[in-house]
Amino acid sequence: MNFNNQIESPLEITVSFCKLISKYESLKDSHNPIIANTARTLLEHVEKFPDLKENFNSFEQIEKYNKQICFLLQDLFHPALSGNEIKAAGIPFNNHVFMKTERFKQIIESQGEDYELEVKNLNSEYWYIIASSIILKACYGYDLNFKRPFYYEIPDERGIMRYYKILFNADFIDVIPKPNTPKITQEDYELLLDNFENAELWKEKFPPNSYEFKGFIISNIFDVTDDQSISNIKTALIGEEKNKGKKDVEDLNSIFRSLLGLEDIKVGFTKYVEEQDTFEKLLGNTMDSYLVNDRKIVHSENTLCSWSYKRLLKDKKFLSISDVDKHYNPSGKNAPHIEQLHRQNIKSAIFAPVANEDDIIGLLEIVSDKRHLLNSINAQKLVDIMPFLISSVERYKNEELNLIEAIIQKECTSIHPSVHWRFVEEAYKYIESDLSGKEPVFNSIGFDNIYPLYGQIDIKGSSDARNTATINDLNLQLQQLRHLFRMALETYSLPIYDKFLFQINEYISSLNEFFQVDSEQQISRYIKREIHPVLKHLKQNKAFAEDVDYYFESLDSKTNSFYKYRKDYDETIALINKCMSTLLDDKQNDAQAMYPHYYERFKTDGVEHNMYIGESITKHDTFNPIYLYNLRLWQLQVMCEMENEYYQMQSKFKVKLDVASMILVFNQPLSISFRMDEKQFDVDGTYNARYEIVKKRVDKAHIKGTNERITQKGKISIIYSQKQDEEEYLNYVKFLQSKKYLDTDIEILELQDLQAVSGLKAIRVSILYHKDKEDKAFYTYEDLMKEIA
């Protein structure tokens, strides 16, 4: 096969030994008799095999004359050095070599018969341009300095990857333009400088096979495993992947095996938290911790002995244990780290403190199941990689802190993306003032002329439901206590037990007749202070021990009381809030895509949400009232969808509760500003404060002249004060009726005056429901309850 059939190139490659033969011609008359005799001997060899003067264009030719070629090149491969030097002669820009030193032969032969050498970093994608850059330098004197390191990756007989750097000797190479080949001008050169990726331009200036590339190359090869391993560790540690998986950890194990030249080792890491003096696993548990092992957080005294603690964390020195079994005492007490290593069948280990000038960040762990494999000698190889490891772990620590802060901000003091730009803008001003020597001030952040939207889906009767759950729990607890004291009275006949029984019966009666705000606290206090000490005394009698134990086992560990019904209630409320808020958040993504606006929601006994829309929030001059009308329609539609979602999942809740939805319409634009102390936005101005007052009180409002609440299950209430709002929302209702979201029973109602607020009205209309997502039928609330009953 011709060398040039494998890849398109401006170079037509032929293997030639003419330049080497010429060199020997010049050396045959050398004053050094050894050099002269060697040159004459090799020239005589060429005369015997004149084909060595010809050009070789195929692998078959090289193979045919391989023995003669190797004899010709023997002076370049001195036999005295062949056992140690790694060297080869081969075809330019090709993986094929036709002469190797003994050591290189051994390296190749250890891979098996089918192994093929491959030069790494010889990127075929840019081969044409690489070849052209060689022509530019050899023929025209333009040095593009387009050199890249080339190397082999070859595993040794143990499977440990070794890295070999290749330095090419081109003393016996000639690059010659063919006849009629276009010459490269200064203008061509400058054009090529700015068009590295324009392959067609390079082919135009350097047509395929337009230059002869004659000769052979000598590859001087060096084992750079240590340097490359350090570089690979640096690359692995500096990588930007946020979540390194098991494959990445295994890659790191492989790199450390190459660095230490050891096969049976594993790498781990343990984080140290100085404030608590504890050792922990990394978040995500992707990397093992052999000191912490199957635990999560361990205090230092349960991790290291005092001597090891001082050496690693105070002196910041490596700790090596070449023989774990030697330090392990099967019948006595062991140092905590020896105990943990022995449990994991680890026989030798190295621990390296990852520390900067101020802090210990953690411990690098290298372990093996082979005795003496790891020791204080090979531990010194870690010295060169520790700076990279420290830098990486410091960055990881900072990223972890940033992530935690981001989560806290998101969950506790969230700044919505729609207004984030304004905070960034103010932060830049703050930094600029600080850097210029001025007193930095974080100015107030506010937005003017924006329109508010408010809605809530409220859990109806939540207070009554919780009271019922509390009564049931207390009743259950008191019934058990009554049983215990009846048993005690039968055994001991003590008047004090009769008194306890009387008080318990009084509490049971009061629960069934009237339950007051402080009843729960009063009864719980009595039980804990008066009853529990007596029960512990009763337990000393074996006849009561089992019943008393059963009672105490029934208590909730956090509240120290019976918590069955209240737990069901609390879990139901939490689940409702989670489902509703998740649905609302998901729907918000669609709304933000329509037009950016501020959004926040709150979980109470139900889910409330605020939205503000206007040009000052979006920053750009794009706002139009159509976006406000669109958001109002979207809100009304989503509230109906949330009601549907709720009743479709109601059967999953432990406590059956109803919900009622309400929207508050405020026609006038207002201003909001961020309250630094409360970490949230609030409305500005006395007039605008009316909006906040209405929000807080309107869901408890009654229809004028009645005791009926405006918010009712199965209906959505739209609260407003202006006639134009009524007309606008009636249009939305009509539209959603056509889409089967709402029923036809529209009510226009007046509300009783609230404190400092009067003149409110409401549109109230029934919501249409589906039994499930596949159901195509529509139901009113009453119909739905009959269907799912």
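Every value quoted in this text rests on a predicted model; they were computed, and no experiment measured them.

Caption draft 1: Just the pairing of strand S17 (residues 606-613), in detail. Counting buried positions over the eight residues of S17 gives seven, a clear majority of the element. Across eight bridges, the pairing between strand S15 (residues 446-460) and S17 is antiparallel. Counted as the bridge partner of Leu453 is Met611 from S17. Sheet analysis places strand S16 (residues 598-604) next to S17, joined by seven bridges and oriented antiparallel. Bridge assignment links Glu600 to a residue of S17, and that residue is Asn610.

Caption draft 2: Quick peek at a nonpolar patch on the surface. A cluster of nonpolar side chains, Tyr430, Ile431, Leu435, Phe442 and Met676, forms an exposed patch at the surface whose accessible area comes to about 470 Å². Structurally, the position occupied by Met676 is in the loop between strand S19 (670-675) and strand S20 (680-683).

Caption draft 3: Spatial organisation of the sheet that holds strand S1 (residues 11-14). Reading across from one edge, S1-S7-S6 is the order of the three strands in this open sheet, with mixed pairing throughout. In this open sheet, the two edge strands, each paired with only one partner strand, are S1 and strand S6 (173-177). Strand-to-strand twist of the sheet, defined as the mean angle between neighbouring strand axes without regard to direction, takes the value 20 degrees. Both S1 and strand S7 (residues 211-215) contribute to a ladder of four bridges, which runs parallel. Looking at the pairing, Thr14 lines up with Lys214 of S7.

Caption draft 4: Region of the structure containing the pairing of strand S13 (residues 348-355). By the criterion of burial, S13 is predominantly enclosed, with eight of the eight residues buried. Side chains of S13 alternate between two faces, with Ser348, Ile350, Ala352 and Val354 and Ala349, Phe351, Pro353 and Ala355 buried alike. In the sheet, strand S12 (residues 319-321) pairs with S13 via three bridges, with the strands oriented antiparallel. Along S13, the bridge assignment pairs Ile321 with Ala349. Relative to strand S14 (residues 360-368), S13 runs antiparallel, the two being bridged by eight bridges. When the bridges of S14 are listed, Ser348 appears paired with Ser368. Counting the residues in the hairpin turn of S13 and S14 gives four residues.

Caption draft 5: Structural context of the packing of helix H17 (residues 495-513) against helix H18 (residues 519-538). One can describe the packing of H17 onto H18 by two numbers: an axis separation of 12 Å at closest approach and a directional angle of 150 degrees. Judged by the twist between their axes, the crossing of H17 over H18 is left-handed. Of the residues in H18, those in contact with Tyr497, Phe500, Gln503, Tyr507 and Leu511 of H17 are Gln522, Ile523, Tyr526, Glu530, Ile531, Val534, His537 and Leu538. Within the contact of H17 with H18, the residues separate by chemical class into nine nonpolar, three polar and one charged.

Caption draft 6: Local environment of the environment of Asp143. In this structure, Asp143 sits in the loop between helix H6 (127-140) and strand S4 (150-155). C-alpha of Asp143 to C-alpha of Ser133: the two residues are ten residues apart in sequence and 7.6 Å apart in space.

Caption draft 7: Main features of the sheet that holds strand S10 (residues 278-280). The sheet built from six strands is open, its strands ordered S11-S10-S9-S14-S13-S12 with antiparallel pairing. Looking at strand neighbours, the two that pair on one side only are strand S11 (297-299) and S12, the edges of this open sheet. With direction set aside, neighbouring strand axes in the sheet form an average angle of 25 degrees. By the bridge criterion, three bridges tie S10 to S11 in an arrangement that is antiparallel. From the neighbouring strand, Phe279 faces S11, where its bridge partner is Val298. Running over the sheet, helix H13 (residues 336-343) touches S12, S13 and S14 and is turned about 50 degrees from S12.

Caption draft 8: Summary view of H6. Compared with an ideal rise of 1.5 Å per residue, which puts 14 residues at 20 Å, H6 spans 19 Å between its outermost C-alpha atoms and is within 8% of the ideal. Along H6, the residues classified as buried are Trp127, Tyr128, Ile129, Ile130, Ala131, Ser132, Ser133, Ile135 and Leu136. Count one or two residues on from H6 and you reach Gly141, which has phi positive near 80 degrees.

Caption draft 9: Quick peek at the packing of aromatic side chains. Under the criterion given, the structure shown has 29 aromatic pairs. Taken together, a centroid distance of 5.8 Å and an interplanar angle of 70 degrees make the contact between Phe17 and Phe56 edge-to-face. Pair noted here: Phe17 is in the loop between S1 and helix H1 (18-27) and Phe56 is in the loop between helix H2 (33-48) and helix H3 (59-64), with a separation of 39 residues, a long-range link. Residue classification places Phe17 among the buried positions, given a relative accessible area of 0%. Summarising the aromatic geometry, the rings of Phe206 and Tyr211 are spaced 6.3 Å apart at their centres and angled 45 degrees between planes, so their arrangement reads as tilted. Its relative accessible area of 0% is what places Tyr211 among the buried residues. An aromatic cluster of at least three residues, connected via ring pairs, comprises Phe17, Phe56, Tyr65, Phe98, Phe172 and Phe216. The side chain of Lys87 reaches across the aromatic face of Phe77, ending 5.3 Å from its centre. Across the ring face of Tyr565, the terminal group of Lys564 is positioned such that the distance to the ring centre comes to 4.3 Å.

Caption draft 10: Highlighting the side chain of Arg257. Note that Arg257 resides in helix H10 (residues 246-260). A distance of 3.3 Å separates a polar side-chain atom of Arg257 from the backbone oxygen of Glu263. A polar atom in the side chain of Arg257 sits 3.1 Å from the backbone oxygen of Ile265.

Caption draft 11: Seen up close, unusual backbone geometry. Even without a glycine there, the phi angle at Asn209 is positive, about 60 degrees. On the secondary structure map, Asn209 appears in the loop between helix H8 (199-205) and S7. Phi angles above zero are rare outside glycine, and His372 is one such case at about 70 degrees. Mapped onto the elements of the fold, His372 is located in the loop between S14 and helix H14 (386-411). Given the relative accessible area of 43%, His372 is considered partly exposed.

Caption draft 12: Layout of the packing of H18 against helix H19 (residues 542-553). Running from N to C, H18 and H19 cross one another at 145 degrees; their axes reach a closest spacing of 9 Å. For H18 against H19, the interelement crossing comes out left-handed. Of H19, the residues touching H18 (which contributes Ile527, His532, Leu535, Lys536 and Leu538) are Phe544, Val548, Tyr551 and Phe552. Residue classes in the contact of H18 with H19 are distributed as seven nonpolar, one polar and one charged.

Cut-offs applied
- Residues numbered from 1 in each chain as written.
- Predicted model: local features only at pLDDT ≥ 70, side-chain atom pairs only at ≥ 80, totals over all residues.
- Heavy atoms only, no water.
- Buried < 20%, exposed > 50% of the residue type's maximum accessible area, 1.4 Å probe, protein only.
- Helix = DSSP H or I, 4+ residues; strand = E, 2+ residues; numbered from the N terminus.
- Pairing = 2+ DSSP bridges.
- Patch = residues over 30% accessible without salt bridge, like charges linked within 9 Å, V, L, I, M, F, W, Y side chains within 5 Å.
- Areas by Shrake-Rupley, 256 points an atom, 1.4 Å probe, with all protein chains shown as cover.
- Salt bridge = Lys/Arg side-chain N within 4 Å of Asp/Glu carboxyl O.
- Axes fitted to C-alpha atoms, helices over the stretch in contact; angles between N-to-C directions.
- Left-handed = near helix turned anticlockwise from the far one by under 90°.
- Contact = heavy atoms within 4.5 Å.
- Nonpolar A, V, L, I, M, F, W, Y, C, P; charged D, E, K, R; others polar.
- Expected span 1.5 Å × (residues − 1).
- Phe/Tyr/Trp six-rings, centres within 6.5 Å; stacked < 30°, edge-to-face > 60°.
- Lys NZ or Arg CZ within 6 Å of the ring centre and 35° of its normal.
- Polar contact = N/O pair within 3.5 Å; in protein donor to acceptor, adjacent residues only side chain to side chain.

Geometry only, nothing functional implied.
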